[in-house]
Amino acid sequence: VQLVESGGGLVQPGGSLRLSCAASEFTFSSYVMSWYRQAAGKERELVAAITSAGGSTNYADSVKGRFTISRDNAKNTVYLQMNSLKPEDTAVYYCNAQRFVIRYWGQGTQVTVSS
């Protein structure tokens, strides 16, 4: 099983980034996909999630209206479009796949929002 995140980097406040998570070796379309983040010295927190068919999404209050999660089941990829980034969005962002009690994690990608 592999979840490989990409798209992180350094961006100025107010800027945008698009994270991608490419999945392989499992039935991607059967899994709820989520993005989590963990800032230095803090616990990992849920940022956004999307159901297996993409029909429903939910977001942390702190990112509502700024971030959009989406998925392409034909490409086994989930995305996180992040707009109007703030310094407090700085964290390592992790891709997560879950189906019942089965969970898989990616290795994370660093997002730094700073001027």
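Just so you know, these numbers come straight off a predicted model, no measurement behind them.

A. Examining the state of the cysteines more closely. Within this structure, the stated rule accounts for 1 disulfide. In this model Cys-21 forms its disulfide with Cys-95; the gap between the sulfur atoms is 2.1 Å. Looking down the S-S bond of the Cys-21 and Cys-95 bridge, the torsion is -80°, so its handedness is left-handed. With Cys-21 in strand S3 (residues 17-24) and Cys-95 in strand S9 (residues 91-99), this residue pair connects regions lying 74 residues apart in the sequence. The burial state of Cys-21 is the same as that of Cys-95; both residues are buried.

B. Structural context of the pairing of strand S8 (residues 77-82). Among the 6 residues that make up S8, 5 are buried, leaving the element largely enclosed by the rest of the structure. Judged from the 6 bridges that link them, strand S7 (residues 67-72) and S8 form a sheet pairing that is antiparallel. Looking at S8, one finds that Phe-67 is bridged to Met-82. Counting the residues between successive antiparallel strands, the hairpin from S7 to S8 contains 4 residues, one of them, Asn-76, with a positive phi of roughly 55°.

Conventions used here
- Residues numbered from 1 in each chain as written.
- Predicted model: local features only at pLDDT ≥ 70, side-chain atom pairs only at ≥ 80, totals over all residues.
- Heavy atoms only, no water.
- Disulfide = S-S within 2.5 Å.
- Helix = DSSP H or I, 4+ residues; strand = E, 2+ residues; numbered from the N terminus.
- Buried < 20%, exposed > 50% of the residue type's maximum accessible area, 1.4 Å probe, protein only.
- Pairing = 2+ DSSP bridges.

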